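Take a look at the letters that make up each chain.
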Amino acid sequence: MEKLKGSITEIIMRILPGEERSGGMELVQVAILVAIAIALGLIFRSEITSFVNKTFDSLNNGF
């Protein structure tokens, strides 16, 4: 019975996501989000630069 109990526990641990697996998935998700942010930054670089320049110009003219 003890051997069967150990086998069932091993099967459950393989099926359910464990702590070892969740850490790796979080790292992959962060890497994907960073890649998307960099890609959007490169695509909209001129628009972002224009927006930042206009914002700082308006702030400097106000003071």
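Here, every reference points to the structure presented above.
As the structure is a computational prediction, the values presented were derived from the model and not from experiment.

What counts as what
- Residues numbered from 1 in each chain as written.
- Predicted model: local features only at pLDDT ≥ 70, side-chain atom pairs only at ≥ 80, totals over all residues.
- Heavy atoms only, no water.
- Helix = DSSP H or I, 4+ residues; strand = E, 2+ residues; numbered from the N terminus.
- Buried < 20%, exposed > 50% of the residue type's maximum accessible area, 1.4 Å probe, protein only.
- Areas by Shrake-Rupley, 256 points an atom, 1.4 Å probe, with all protein chains shown as cover.
- Polar contact = N/O pair within 3.5 Å; in protein donor to acceptor, adjacent residues only side chain to side chain.
- Patch = residues over 30% accessible without salt bridge, like charges linked within 9 Å, V, L, I, M, F, W, Y side chains within 5 Å.
- Salt bridge = Lys/Arg side-chain N within 4 Å of Asp/Glu carboxyl O.

### Re the overall build of the chain
Inference 1: In terms of helices and strands, the chain carries three helices and zero strands.
Inference 2: For the chain, the N- to C-terminal ordering of α and β elements is α-α-α.
Inference 3: Within the chain, buried positions represent 2% of all 63 residues.
Inference 4: For the chain, the accessible area works out to roughly 6100 Å², and carbon and sulfur atoms hold 69% of it.

### Observations regarding the environment of Ser-58
Inference 1: Within the secondary structure, Ser-58 is located in helix H3 (residues 45-62).
Inference 2: On the accessibility criterion, Ser-58 (48% relative accessible area) is partly exposed.
Inference 3: A distance of 2.8 Å separates the side chain of Ser-58 from the backbone oxygen of Thr-55, its partner in a polar contact.

### Some thoughts on a nonpolar patch on the surface
Inference 1: A cluster of nonpolar residues, Val-28, Ile-32, Leu-33, Ile-36, Leu-40, Ile-43, Phe-44, Ile-48, Phe-51, Val-52, Phe-56 and Leu-59, forms a patch on the protein surface that exposes about 1200 Å² of accessible area.
Inference 2: No other element matches the six residues that helix H2 (residues 19-43) contributes to the nonpolar patch.
Inference 3: Look at Val-52 and you get partly exposed, because its relative accessible area is 34%.

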